[in-house]
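This is what each chain is made of:
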Amino acid sequence: MGHYIEVEAGVKVFVEDIGTGQPVVFIHGWPLNSKSFEMQANELALQGFRFIGIDLRGFGKSDKPWSGYDYDTQASDVKAVIDHLGLENFVLGGFSMGGPIAIRYLTKYGQQGVDKLLLMSAAAPLFTQRDDFNINLKAEEVDDIIEQIKQDRPAFLAQFADMFFEQKKSDEFLHWFQMLGLEAGAHSTINAAIALRDEDLRGELAGITVPTAIFHGKKDQICAYELGEEMEKQIPDSVLVPFKDSGHGINGDEPERFNTEMINFLKSSGVK
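Below you will find a few notes about this structure.

How each quantity is defined
- Residues numbered from 1 in each chain as written.
- Predicted model: local features only at pLDDT ≥ 70, side-chain atom pairs only at ≥ 80, totals over all residues.
- Heavy atoms only, no water.
- Helix = DSSP H or I, 4+ residues; strand = E, 2+ residues; numbered from the N terminus.
- Expected span 1.5 Å × (residues − 1).
- Buried < 20%, exposed > 50% of the residue type's maximum accessible area, 1.4 Å probe, protein only.
- Core = buried A, V, L, I, M, F, W, Y, C linked by side-chain atoms within 4.5 Å.
- Contact = heavy atoms within 4.5 Å.
- Phe/Tyr/Trp six-rings, centres within 6.5 Å; stacked < 30°, edge-to-face > 60°.
- Lys NZ or Arg CZ within 6 Å of the ring centre and 35° of its normal.
- 1 Å grid on protein atoms, 1.4 Å probe; cavity = no way out; pocket = protein on both sides within 12 Å on 5 of 7 lines; lining within 4 Å.
- Points joined across faces, edges and corners; volume = space filled by probe spheres on them.
- Nonpolar A, V, L, I, M, F, W, Y, C, P; charged D, E, K, R; others polar.
- Salt bridge = Lys/Arg side-chain N within 4 Å of Asp/Glu carboxyl O.
- Axes fitted to C-alpha atoms, helices over the stretch in contact; angles between N-to-C directions.
- Parallel < 35°, antiparallel > 145°, perpendicular 65-115°, else oblique.
- Left-handed = near helix turned anticlockwise from the far one by under 90°.
- Pairing = 2+ DSSP bridges.

1. As for helix α6 (residues 186-198)
Thought 1: In this model, α6 (13 residues) spans 19 Å end to end at C-alpha, consistent with the 18 Å of a helix rising 1.5 Å per residue.
Thought 2: Buried within α6 are the following residues: Ser188, Thr189, Ile190, Ala192, Ala193, Ala195, Leu196 and Arg197.

2. Some details on the nonpolar core
Thought 1: Residues Trp30, Leu92 and Phe215 are the most contacted members of the largest nonpolar core, which totals 92 residues.
Thought 2: In contact with Phe215, other than residues within four places in its own chain, are Leu118, Leu119, Met120, Ser121, Val241, Phe243, Ile250, Phe258, Glu261 and Met262.

3. Notes on the packing of aromatic side chains
Thought 1: Throughout the structure, instances matching the rule amount to 19 aromatic pairs.
Thought 2: Taken together, a centroid distance of 6.1 Å and an interplanar angle of 40 degrees make the contact between Phe243 and Phe258 tilted. With Phe243 in strand β8 (residues 238-243) and Phe258 in helix α9 (residues 255-267), the pair connects residues that are 15 residues apart, well separated along the chain. For the pair shown, Phe243 and Phe258 are each scored as buried.
Thought 3: Ring pairing ties together the aromatic residues Phe26, Trp30, Phe37, Phe51, Phe95, Phe156, Phe160, Phe164, Phe165, Phe173, Trp176 and Phe177, which thus form one cluster.
Thought 4: In this arrangement the basic side chain of Lys61 is found over the ring face of Phe14, its NZ or CZ atom lying 4.6 Å from the centre.
Thought 5: The cationic tip of Lys116 hangs over the ring face of Phe265; the distance from NZ or CZ to the ring centre is 5.9 Å.

4. Points about the layout of surface pockets
Thought 1: In this structure, the largest pocket occupies an estimated 240 Å³ of space.
Thought 2: What lines the largest pocket is a set of 19 residues, among which Phe127, Leu137, Ile145, Phe160 and Met163 lie closest to the centre.
Thought 3: Those elements that place two or more of their residues in the lining of the largest pocket are α4 (139-164) and α6.
Thought 4: Residue composition of the lining of the largest pocket, by class: 12 nonpolar, 5 polar and 2 charged.
Thought 5: Counted as a void, the second largest pocket has a volume near 170 Å³.
Thought 6: Lining the second largest pocket are 14 residues, with Ser36, Met39, Phe173, Trp176 and Asn251 sitting closest to its centre.
Thought 7: Per-element accounting of the lining of the second largest pocket gives the leading share, 4 residues, to helix α5 (residues 171-182).

5. Comments concerning the pattern of salt bridges
Thought 1: For the structure shown, the criterion picks out 15 salt bridges.
Thought 2: Note that Glu183 is salt-bridged to Lys35, the shortest N-O span being 3.1 Å. Highlighted residues: Glu183 in the loop between α5 and α6 and Lys35 in the loop between β3 (22-27) and α1 (38-46), separated in sequence by 148 residues.
Thought 3: Judged by relative accessible area, Glu183 falls into the partly exposed class, the value being 26%.
Thought 4: Assessed through its relative accessible area of 34%, Lys35 is described here as partly exposed.
Thought 5: Arg257 is the salt-bridge partner of Glu261, the closest N and O atoms lying 3.3 Å from each other. Here Glu261 pairs with Arg257, and both are found in helix α9, just 4 residues apart, close to one helical turn.
Thought 6: With a relative accessible area of 31%, Arg257 lands in the partly exposed category.
Thought 7: Through salt bridges with shared partners, a single ionic network connects Asp72, Arg104, Glu199 and Glu204.

6. With respect to the packing of α1 against α9
Thought 1: One can describe the packing of α1 onto α9 by two numbers: an axis separation of 11 Å at closest approach and a directional angle of 45 degrees. By the criterion of interaxial angle, the relationship of α1 to α9 is oblique. In terms of crossing hand, the pair formed by α1 and α9 is right-handed. Between α1 and α9, the residues in contact are Met39, Gln40, Glu43 and Leu44 and Pro255, Phe258, Asn259, Met262, Ile263 and Leu266, respectively.
Thought 2: Counted by class, the contact of α1 with α9 contains 7 nonpolar, 2 polar and 1 charged residues.

7. Side note on the sheet that holds strand β4 (residues 49-54)
Thought 1: The strand order across the open sheet built from 8 strands is β1-β2-β4-β3-β5-β6-β7-β8, with neighbouring strands paired in mixed fashion. Of all the strands in the sheet, just β1 (2-8) and β8 have a single pairing partner and so form its edges. Strand-to-strand twist in this sheet, taken as the mean axis angle between neighbours without regard to direction, amounts to 20 degrees.
Thought 2: Where strand β6 (residues 114-120) and strand β7 (residues 212-217) come together, 4 bridges link them in parallel fashion. By the bridge assignment for β7, Leu117 is matched with Thr212.

Given below as C-alpha cells:
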C-alpha cells in the first residue's frame, strides 16, 4: 500500500507500507529511494514485520520542492510520516544519508516510541573531513561530485552505481540502480549532497540510548568502514556488524547475510 503524506504545506512524500507487525521505518540513501530496499521489504513481511519505506522529499515518488534538504527538515518529514501513520514501538533504519537523518530524528524528537536503531553504511557522524576529523571524503571531492551532476547527471549516476557495489552485478541491475537515482530531482540531488558535505553530528551520537546495530561494508568506497568504527565508539548501546565482502551497498552485495543479520537484530532484545 502506498501513501502520500503531507509533511508541510504543499509538500507530500510517498511512503511504501507493506506487511503487518512491528513497523520498521527505512530511510534511504543519496540519491536513491525506498525501492532500494525491495529485497528487505519482502523478507520483513514474510517474517511478520511491517515495512515502512519513505521516499525523502526530492527523491522517488515524493514532491521535489526547491528547499528543505538539510537534515533538520528531512528529520521533520520523517516525524510527520510517523505521526500520520500513528507508529509506535518502531525500529528506525537509516542507510547512507538516511543514517544521519535517523540520528537527527532522535536528537530533535527524542527516543520515545523507538525500539531500536539500525544504521546501514551510514554517512555519520561526518561524511567529509575536517581539521580535526580525517575520515572519508574531502569537502572538495563532494564539490567535484556536484559539478559532475551539473554537467552530466546520467553519466555520474552510471559511474556511481559501479562504485556502490563490491560484488559484480548484471548490466540490468546496474541500469535499474541508475534509474533509481534519475527519479530524483537534479536540484534535490545537489542540495542533499551539500547537506552531506556540511552537516556534523559528532555531538549527537553519545545521547543515543536505544539498542543500535551498525551494518557496514569493509570495502565501502563511499562511507569508509572507519565511520562505522567511530559510531560504535560513540553510541553507548551499539554493535558493529562488519560485512567483509561488501562495498557501500551491503544489502545488494551480501543480501542473504544482510537479511539474516537484520531479522536477528529485529527479533533480539538488545545488541550485546
